Amino acid sequence: MVMDDPVFLAVSALTVGSAIVALETRELIYGGIALAISMLGIAGFFLLLDSPFVAMFQILVYVGAVAVLIIFTVMLVRTQALFSTKEDKGRKASGVVLVLIFMIGLGALLLVSGLTNSQLMNLQMPPVDFKAIGEEMLTYYSPALIALGLVLGGSIIGALALARREDMETTDG
Amino acid sequence: MVEIIDYVIISTILFGVGIYGLVAKRNAIRMIFAIEIIANAANLNLVAFSRGLSNVQGQTFALFSIAIAAAEVAVGLGIIIIAYRLYKEIDVEEFKSLKG
């Protein structure tokens with residue numbers, strides 16, 4: 001448990017820092033950009049873990065699609081509604097207390113788990129070949145892949161149906 | 001030398017940040033940010049353990065999880081736009097029609 005890799009430390013600081021900025025900055029559009037930077041940091045972790053395929057997929061989906069979608073939505077919503085930072089102190093305090101409880105619980109769990117024993121699990125194992133991922137996806141997980149395609153299509157149709165405006169449609173016939 | 005436990009610690013911190021955002025924020029778009037941060041913390045765990053065990057299933061599952069998260073964001077933002085049209089507001093405390 002000695003984090004002495006400067007690249008790892010830099011990516012950690014970038015990811016956690018921009019996640020906090022995404023939640024705490026006043027302007028929502030900067031929050032969306034900070035979220036995209038945080039997702040890039042996660043992709044950097046995937047690269048450090050020798051999983052370039054997952055890293056590229058993360059950049060493609062999160063930075064390319066999700067962040068752009070969020071920024072477009074923020075632009076669509078009236079700016080006055082975005083600046084309503086009505087924050088009650090009670091919510092903030094309860095959030096901090098809940099996070100402390102979670103952190104103490106998960107930290108205790110990590111300490112008693114065997115993960116701190118570096119002999120048990122380390123990064124000396126050979127990295128996963130991305131050819132193996134493709135084989136898994138197209139053989140054993142092919143029903144899941146088909147279901148995923150259906151879910152994505154359904155979600156796009158659902159989002160289009162949700163965003164439709166009845167009052168602006170022309171009545172033909 | 002960076003080990004698996006370091007990635008798990010970072011993932012735990014990100015999870016904590018996400019939980020804080022989900023509890024403390026009232027802006028619906030910010031709550032979506034928090035959900036995304038939590039989902040990414042889970043993905044980081046999956047890929048880290050997949051690397052530690054040299055196991056393909058972890059990465060495959062992370063890929064599926066990323067794709068599902070994209071679908072979830074699309075539907076979530078659609079719902080937020082509908083709610084904004086109805087209430088002229090994206091504060092979740094103002095969405096009172098479904099309140100029990």
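That block above? That's the structure.
A brief structural summary. (Residues numbered from 1 in each chain as written. Chains lettered and ligands numbered in written order. Predicted model: local features only at pLDDT ≥ 70, side-chain atom pairs only at ≥ 80, totals over all residues.)

## Here we look at the overall build of chain A
Our working rule: Here a helix means four or more residues in a row that DSSP labels H or I, a strand means two or more in a row labelled E, and each is numbered from the N terminus. Put plainly, a residue is buried at 20 or more neighbouring C-beta atoms within 10 Å of its own, exposed at 12 or fewer, and partly exposed in between, counting only other residues' C-beta atoms, which are placed from the backbone.
Of the regular secondary structure elements, chain A holds seven helices and zero strands. Across chain A, helices and strands are ordered from the amino to the carboxyl terminus as α-α-α-α-α-α-α. For chain A, with 173 residues in total, the buried portion stands at 22%.

## Some details on the packing of helix 2 (residues 28-53) of chain B against helix 3 (residues 56-87) of chain B
For any two helices packed against each other, one specifies the crossing angle of their axes together with the interaxial distance. All names here are of chain B. Which entries qualify depends on this criterion: Inter-axis angles, ranging from 0 to 180 degrees, are taken between N-to-C directions of lines fitted to C-alpha atoms, where helices are fitted over the stretch in contact. Relative orientations are named as follows: roughly parallel for angles under 35 degrees, roughly antiparallel for angles over 145 degrees, roughly perpendicular for angles from 65 to 115 degrees, and oblique for any other angle. Whether two residues are in contact is decided by their C-beta atoms, placed from the backbone, lying within 7 Å. Nonpolar residues are Ala, Val, Leu, Ile, Met, Phe, Trp, Tyr, Cys and Pro. Charged residues are Asp, Glu, Lys and Arg, and all others, Gly as well, are polar.
Between helix 2 and helix 3, the shortest axis-to-axis distance is 10 Å and the interhelical angle comes to 175°. Taken together, the axes of helix 2 and helix 3 lie roughly antiparallel to each other. Side by side, helix 2 and helix 3 meet where Ala 28, Ile 29, Ile 32, Glu 36, Ala 39, Ala 42, Asn 43, Leu 46, Val 47, Phe 49 and Ser 50 of the first sit next to Gly 58, Gln 59, Phe 61, Ala 62, Ser 65, Ile 66, Ala 69, Val 73, Gly 76, Leu 77, Ile 80 and Ala 83 of the second. Looking at the contact of helix 2 with helix 3, its residues break down into 16 nonpolar, six polar and one charged.

## Here we look at the interface of chain B and chain A
When the parts of a complex come together, some accessible area is lost, and that lost area is often taken as the interface size. At the interface, 60 residues of chain B touch 75 residues of chain A. Elements with a contribution of two residues or more to the side of chain B that touches chain A: helix 1 (4-24), helix 2 and helix 3 of chain B. For the side of chain B that touches chain A, the leading source of residues is helix 3 of chain B, giving 21 residues.

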